[in-house]
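# Per-entry structural report
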Amino acid sequence: MLDIDVVIIGAGAAGLMCAAHAGARGRRVLVIDHANKAGKKILMSGGGNCNFTNLYTEPANFLSQNKHFCKSALARYTQWDFIALVNKHQVPHHEKKLGQLFCDNKSIDILRMLLAECAAVNAEVKLDTAVETIEKVEGGYALQTSAGPMRCQSLVIATGGLSIPSMGATGFGYQVARQFGHTLLPTRAGLVPFTITDQLKDLCNELSGTSVDCLVSCNGKSFRENILFTHRGLSGPAILQISSYWLPGQAVEINLMPDLDAAQWLAQQRNDRPNAELRTLLGEVFTKKMATLIADQWFESKPIKQYTHAELERIATQLSAWQVVPAGTEGYRTAEVTLGGVDTKEVSSKTMESLKSPGLYFIGEVLDVTGHLGGFNFQWAWASGHAAAQFV
Ligand SMILES: Cc1cc2nc3c(=O)[nH]c(=O)nc-3n(C[C@H](O)[C@H](O)[C@H](O)COP(=O)(O)OP(=O)(O)OC[C@H]3O[C@@H](n4cnc5c(N)ncnc54)[C@H](O)[C@@H]3O)c2cc1C
């Protein structure tokens, strides 16, 4: 039987980070993963260029029922620590926008860096290995795996969330949490496009591929970024961000003219150019196609002087506070993250150790900590992996 200090289940972002740091402390570490490749999500992240952290990472960028939980780990392993690691490995990178750091080349640079860090401290990564059973035993945990029985003092669950099942995502981490008496908070897809099935679907379809800078709000939270019309509904960064705050049945409010006071702008146009058609005026704000579609379909486009004040008010409201009720989301198939998960109230924010079962640790996305879009989810994986590594 293999007897080792630390077994980490999940060779993703958090698991590899934890392995490298625990190995650096002199712990004998084995990382096991059922997939045939480590870090598949790292490889597909950021459109292939891995948005590995964000310059402006703060606890406010994370959703959790316990908003204080992430603070300690994020403070002890910051974006600057990860940037130092990236620089040590000479991974070329750049800020794309809003503090989002991306690889100049491919995401594999980040994965290679993590695997090199693991190799440097003899932390072994074993792929194609399934865990069959886990049992608490004197001084640690006993595992039955497809590679044989194992024993370890510390067991780290780094199996991530449910998003992109085709990339190896499973509910395994939740199952282990349940086995050891943990509370699970309901999970749902986050950072995910909306589907639209009502009369708005035709407009989305016709505008498919058009992106517009908007202010999108729901449940007291707002994001200023692009929205993207798609054949199936709405996507784009602002929509992905707000999807994490949206609940089924609710309306999302979209301000299509965030830099203008729509009512004032319409009044001004009416005054300055009374004979101009609404679609022509909107064409100065939106693409010609979008202006024509919304002017015709929503407001029966005509010269602006022909609209009454009440009608102009209605137009202003529609443009600045457009209410969209999504039919749903694209779900885990395309979601970047899973909201909810292992309740952080039963996990130490200092060590990531279970408060229910000593020697058991949870890190990364399996926990009820979810970042905004923009590199925050990886920063949580690095920070929580690092935190656990100091104690396993
Ligand atoms: C398309 C896409 C793009 C993304 N882009 C970004 C981005 O640019 N920036 C960003 O910050 N975040 C991004 N994310 C989110 C980010 O990838 C995750 O938040 C992060 O990978 C979570 O790290 P983790 O280690 O907790 O889980 P993961 O990285 O998902 O790793 C979990 C590992 O556990 C393994 N595993 C699962 N079940 C088992 C089991 N039963 N037995 C053994 N092993 C198991 C999996 O194979 C996997 O290797 C993206 C996500 C997706 C889906």
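For the structure itself, look to the data block above.
Now for a quick tour of the structure. (Residues numbered from 1 in each chain as written. Predicted model: local features only at pLDDT ≥ 70, side-chain atom pairs only at ≥ 80, totals over all residues. Heavy atoms only, no water.)

### Concerning the sheet that holds strand 5 (residues 93–95)
- Read across the sheet, three strands follow the order 3-6-5 without closing on themselves; strand pairing throughout is antiparallel. Of all strands in the sheet, those with a lone pairing partner are strand 3 (51–54) and strand 5, marking the two edges. Going from strand to strand, the sheet's axes swing by 25 degrees on average, the running direction of each strand aside.
- Here strand 5 runs beside strand 6 (residues 100–103); their pairing, made up of three bridges, is antiparallel. Along strand 6, the bridge assignment pairs His 93 with Cys 103. (Pairing = 2+ DSSP bridges. Helix = DSSP H or I, 4+ residues; strand = E, 2+ residues; numbered from the N terminus. Axes fitted to C-alpha atoms, helices over the stretch in contact; angles between N-to-C directions.)

### Points about the sheet that holds strand 17 (residues 322–324)
- If you trace the seven strands from one edge of the open sheet to the other, you get 17-16-13-14-15-12-18, paired in antiparallel fashion. The open sheet has two free edges, formed respectively by strand 17 and strand 18 (328–329), since each of these has just one partner strand.
- Direction of pairing for strand 13 (residues 211–218) relative to strand 14 (residues 221–229): antiparallel, over a ladder of eight bridges. Paired with Val 216 across the strands is Phe 223, a residue of strand 14.

### Some remarks on the environment of Ser 166
- Inspection of the secondary structure puts Ser 166 in the loop between strand 10 (148–157) and helix 6 (172–179).
- For Ser 166, a relative accessible area of 63% gives the class exposed. (Buried < 20%, exposed > 50% of the residue type's maximum accessible area, 1.4 Å probe, protein only.)

### Describing the pattern of salt bridges
- Applying the stated criterion across every chain, the model contains 11 salt bridges.
- Note that Asp 5 and Arg 27 form a salt bridge whose closest N and O atoms lie 3.7 Å from each other. Of this pair, Asp 5 sits in strand 1 (residues 2–9) while Arg 27 is found in the loop between helix 1 (13–24) and strand 2 (29–32), placing the two residues 22 residues apart along the sequence.
- Across the pair Asp 213 and Arg 224 runs a salt bridge whose closest N-O atoms are separated by 2.7 Å. Note that Asp 213 is positioned in strand 13 and Arg 224 in strand 14, a separation of 11 residues in sequence.
- Under the relative-accessibility criterion, Asp 213 is labelled partly exposed at 32%.
- One network of salt bridges, in which partners are shared, links Asp 5, Arg 27 and Arg 28. (Salt bridge = Lys/Arg side-chain N within 4 Å of Asp/Glu carboxyl O.)

### Here we look at the packing of aromatic side chains
- In this structure the tally under the stated criterion is 11 aromatic pairs.
- Both rings, one in Phe 62 and one in Phe 376, keep their centres 6.2 Å apart while their planes meet at 85 degrees; by these two values the pair is edge-to-face. With Phe 62 in strand 4 (residues 62–63) and Phe 376 in helix 13 (residues 376–389), this pair connects stretches of sequence that are 314 residues apart. Across the pair, Phe 376 and Phe 62 agree in class, each one buried.
- Residue placement shows Lys 136 over the ring face of Tyr 141; its charged tip is 4.5 Å from the ring centre.
- Sitting over the ring of Tyr 307, Lys 302 keeps its end group 4.9 Å from the ring centre. (Phe/Tyr/Trp six-rings, centres within 6.5 Å; stacked < 30°, edge-to-face > 60°. Lys NZ or Arg CZ within 6 Å of the ring centre and 35° of its normal.)

### Considering the nonpolar core
- With 77 residues, the main nonpolar core has Ile 110, Leu 143 and Trp 382 as its most contacted residues.
- With nine residues, helix 13 is the single largest residue contributor to this core.
- Not counting residues up to four positions away in its chain, the partners in contact with Ile 110 are Ile 42, Cys 50, Phe 52, Phe 82, Val 86, Val 91, Cys 103 and Trp 382.
- Counting 48 residues, the second-largest nonpolar core is a separate cluster that includes Cys 204, Val 252, Ala 262 and Leu 293. (Core = buried A, V, L, I, M, F, W, Y, C linked by side-chain atoms within 4.5 Å. Contact = heavy atoms within 4.5 Å.)

### Notes on the side chain of Thr 210
- Here Thr 210 is to be found in the loop between helix 7 (200–206) and strand 13.
- Among the residues examined, Thr 210 registers a relative accessible area of 14% and is labelled buried.
- With residues near it in sequence (within four places) discarded, Thr 210 still touches Ile 227, Leu 228, Phe 229, Thr 287 and Met 290.

### A few points about the environment of Gln 269
- Structurally, Gln 269 can be placed in helix 9 (residues 262–272).
- Residues Gln 269 and Asp 109 lie 160 residues apart in sequence; the distance between their C-alpha atoms is 52 Å.
- Ignoring any residue separated from it by four or fewer positions in sequence, one finds Gln 269 in contact with Pro 274, Leu 281 and Ile 304.

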